[in-house]
Amino acid sequence: METFTWGPHFDVGDDKINREHQKLIAMMRNLAQLCKKSVPKQQVLFAYDALIQFTEEHFADEEELMAELNYPDLENHKKIHQQLLDNLYKYREELVVSVYGVLPSSVFDFFQNWLMTHILIVDQKYGAVLKEKKKTPSKEN
Ligand SMILES: [Fe+2]
Ligand SMILES: [Fe+2]
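Throughout what follows, the structure given in this document is the object of discussion.

## Remarks on the overall build of the chain
And then number 1: The number of helices and strands found in the chain is four helices and zero strands.
And then number 2: In the chain, the succession of α and β elements from N to C terminus is α-α-α-α.
And then number 3: Each of the three principal axes of the chain carries a C-alpha extent, and together these read 60 × 25 × 20 Å.
And then number 4: In the chain, which comprises 141 residues, the proportion classed as buried is 15%.
And then number 5: Expressed as a percentage of contacts within the chain between residues at least 6 apart in sequence, the contacts between residues at least 24 apart total 70%.

Dropping the structure here:
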């Protein structure tokens, strides 16, 4: 679980989005640490809700950036964001009904998968378009 660490391979070519990814990863790491310490359930839920809220903000920012870029795969990317949010809400329900307020280990597998297949692969696709655009500026009307 020490793997929730941002590195330069996550760089998508936009400072704001990079900072948001760093914050998301830090929030996941914080949740992993809280669950290890067996803190009261309310504390885990509070941190988890903060992650949901920040994820919604991050996805909205990313979708706005992709729209500005006229990114052709925006609709598909939006669908993937919605699936990630659906999963976040599903795990929240499990947390609410759990007795001890410990997230199942599968939630951390889900986070890991989010980093490895979404941020490192799917987000990098618009990152490549963005980086290319920055190399050849001002071609739009
Ligand atoms: Fe992202
Ligand atoms: Fe994304």
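After that view of the structure, there is still more to cover.
## What about helix α2 (residues 41–68)?
And then number 1: End to end, α2 covers 41 Å across 28 residues, agreeing with the expected 40 Å (1.5 Å per residue, within 8%).
And then number 2: Contact partners of the buried residues in α2: α1 (15–37), α3 (74–97) and α4 (105–135).
And then number 3: With its phi angle positive at about 55°, Asn70 sits one or two positions after the end of α2.

## Brief notes about the environment of Asp109
And then number 1: Here Asp109 shows up in helix α4.
And then number 2: Distance from Asp109 to Gly127, taken between C-alpha atoms, is 24 Å for residues 18 residues apart in sequence.

## Structural notes on unusual backbone geometry
And then number 1: For Asn70, which is not glycine, the phi dihedral falls at a positive 55°.
And then number 2: As for its placement among the helices and strands, Asn70 is situated in the loop between α2 and α3.

Criteria and thresholds
- Residues numbered from 1 in each chain as written.
- Chains lettered and ligands numbered in written order.
- Predicted model: local features only at pLDDT ≥ 70, side-chain atom pairs only at ≥ 80, totals over all residues.
- Helix = DSSP H or I, 4+ residues; strand = E, 2+ residues; numbered from the N terminus.
- Buried ≥ 20, exposed ≤ 12 C-beta atoms within 10 Å, placed from the backbone.
- Contact = placed C-beta atoms within 7 Å.
- Expected span 1.5 Å × (residues − 1).

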